[in-house]
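# Descriptive structure summary
Read off the chains here:
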Amino acid sequence: MHLRHSDADHGPKTVDVTYIVEDPESLIDDEHFTGDDPTATEHTFKAAKGEHLLEVAVENGINIEHACGAVCACSTCHVYIEQGEEQLSEPTEAEDDRVEEAPGLQRNSRLSCQCEIEGDGPIVVRIPAWNRNAVKEVPH
Ligand code: FES
């Protein structure tokens, strides 16, 4: 599904967001990738306050799954926040309910489409290897 971008008027891209991609081969889209080495597992991009972690990843060529189009109606965009949790918007009740359905739930689990960047960073996000098949593995 097409990604709905946040409507906020974003300021300058000053916030460092690092994505640790456990399975770069499956999640990195070479055509849109803006980093240096698509085979590496760690990538840092500049983001603006007001952007969501999902859109920053996708804009830079890291294809976190987002089956519902970023409207908090699935849990395929599930990630772990390794650093900078306090720099992100608080989870809403809807996100808390939804993330509980995600596989591999941890204390630092968030839905990346619901995490708006509020602080100055740095923020570190881990994308588990199983994210790549979260949609495809759903039985028909
Ligand atoms: S993309 Fe569906 S909840 Fe984030």
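Scope of this entry: the structure provided in the associated data block. Here the structure is a predicted model, which means the values were calculated and not measured.

Aromatic rings in a pair are described by how distant their centres are and how their planes are angled relative to each other. Tallied over the full model, the rule gives two aromatic pairs. Centroid distance Tyr-19 to Phe-45: 6.1 Å. Interplanar angle 45°. Geometry classified as tilted. Of this pair, Tyr-19 sits in strand 1 (residues 13–21) while Phe-45 sits in strand 2 (residues 42–48), placing them 26 residues apart in sequence. A residue is classified by how much of its surface remains accessible, and Phe-45, at 7% relative accessible area, is buried. For the ring pair Phe-33 and Phe-45, a centre distance of 6.4 Å and an interplane angle of 85° mean the geometry is edge-to-face.

With that settled, consider unusual backbone geometry. Cis rather than trans, the peptide bond between Gly-121 and Pro-122 has omega equal to 0°. If you check the backbone angles, Ala-70 has positive phi at about 75° while not being a glycine. Considering the arrangement of structural elements, one finds Ala-70 in the loop between helix 2 (53–59) and strand 3 (78–83).

The next subject is the side chain of Ser-112. Examined against the element boundaries, Ser-112 turns out to sit in the loop between strand 4 (109–111) and strand 5 (123–127). Accessibility expressed as a relative area gives 0% for Ser-112, which makes it buried. What Ser-112 contacts, discounting residues up to four positions off in sequence, is His-52, Leu-53, Leu-54, Ile-64, Cys-77 and Val-79.

The five strands lie next to each other as 2-1-5-3-4, forming an open sheet whose pairing is mixed. Of all strands in the sheet, those with a lone pairing partner are strand 2 and strand 4, marking the two edges. Pairs of neighbouring strands in the sheet enclose a mean axial angle of 40°, with direction left out of account. Bridging between strand 1 and strand 2 involves seven bridges; their strand directions are antiparallel. Of the residues in strand 2, the one forming a bridge with Thr-18 is Thr-44.

Residues Val-17, Tyr-19, Leu-53, Ile-62, Ile-64 and Ile-117 are the most contacted members of the largest nonpolar core, which totals 29 residues. For Ile-62, the residues in contact, after removing those within four places along its chain, are Tyr-19, Val-21, Leu-27, Ile-28, His-43, Phe-45, Ala-57 and Ile-127.

Structurally, the position occupied by Glu-116 is in the loop between strand 4 and strand 5. Each C-alpha atom of the pair Glu-116 and His-52 lies 4.3 Å from the other, and the pair is 64 residues apart in sequence. With sequence-adjacent residues up to four places away left out, Glu-116 is seen in contact with Gly-50, Glu-51, His-52, Gln-87, Leu-88 and Ser-89.

Attention shifts here to a negative patch on the surface. Side chains of Glu-85, Glu-86, Glu-90 and Glu-118 sit close together on the surface and give a patch of like negative charge. Within the secondary structure, Glu-118 is located in the loop between strand 4 and strand 5.

Now for the pattern of salt bridges. Enumeration over the complete set of coordinates arrives at seven salt bridges. Residue Lys-13 is joined to Glu-51 by a salt bridge in which the shortest nitrogen-to-oxygen separation is 3.0 Å. With Lys-13 in strand 1 and Glu-51 in the loop between strand 2 and helix 2, this pair connects stretches of sequence that are 38 residues apart. You can call Lys-13 partly exposed: its relative accessible area is 46%. Residue Glu-51 is classed as buried on the basis of its relative accessible area of 2%. The partner of Arg-110 in a salt bridge is Glu-95, and the shortest N-O contact between them spans 2.7 Å. Remark: Glu-95 occurs in helix 3 (residues 93–99) and Arg-110 occurs in strand 4; sequence separation between them is 15 residues. Glu-95 carries the same exposure label as Arg-110, and that label is buried. When salt bridges that share partners are traced, they join Glu-22, Glu-82 and Arg-126 into one network.

Rules used in this analysis
- Residues numbered from 1 in each chain as written.
- Predicted model: local features only at pLDDT ≥ 70, side-chain atom pairs only at ≥ 80, totals over all residues.
- Heavy atoms only, no water.
- Phe/Tyr/Trp six-rings, centres within 6.5 Å; stacked < 30°, edge-to-face > 60°.
- Helix = DSSP H or I, 4+ residues; strand = E, 2+ residues; numbered from the N terminus.
- Buried < 20%, exposed > 50% of the residue type's maximum accessible area, 1.4 Å probe, protein only.
- Contact = heavy atoms within 4.5 Å.
- Pairing = 2+ DSSP bridges.
- Axes fitted to C-alpha atoms, helices over the stretch in contact; angles between N-to-C directions.
- Core = buried A, V, L, I, M, F, W, Y, C linked by side-chain atoms within 4.5 Å.
- Patch = residues over 30% accessible without salt bridge, like charges linked within 9 Å, V, L, I, M, F, W, Y side chains within 5 Å.
- Areas by Shrake-Rupley, 256 points an atom, 1.4 Å probe, with all protein chains shown as cover.
- Salt bridge = Lys/Arg side-chain N within 4 Å of Asp/Glu carboxyl O.
- Lys, Arg positive; Asp, Glu negative; His and termini not counted.
- Charge placed at Lys NZ, Arg CZ, Asp CG, Glu CD.

So far we have only geometry, and geometry alone does not tell us how the molecule works.
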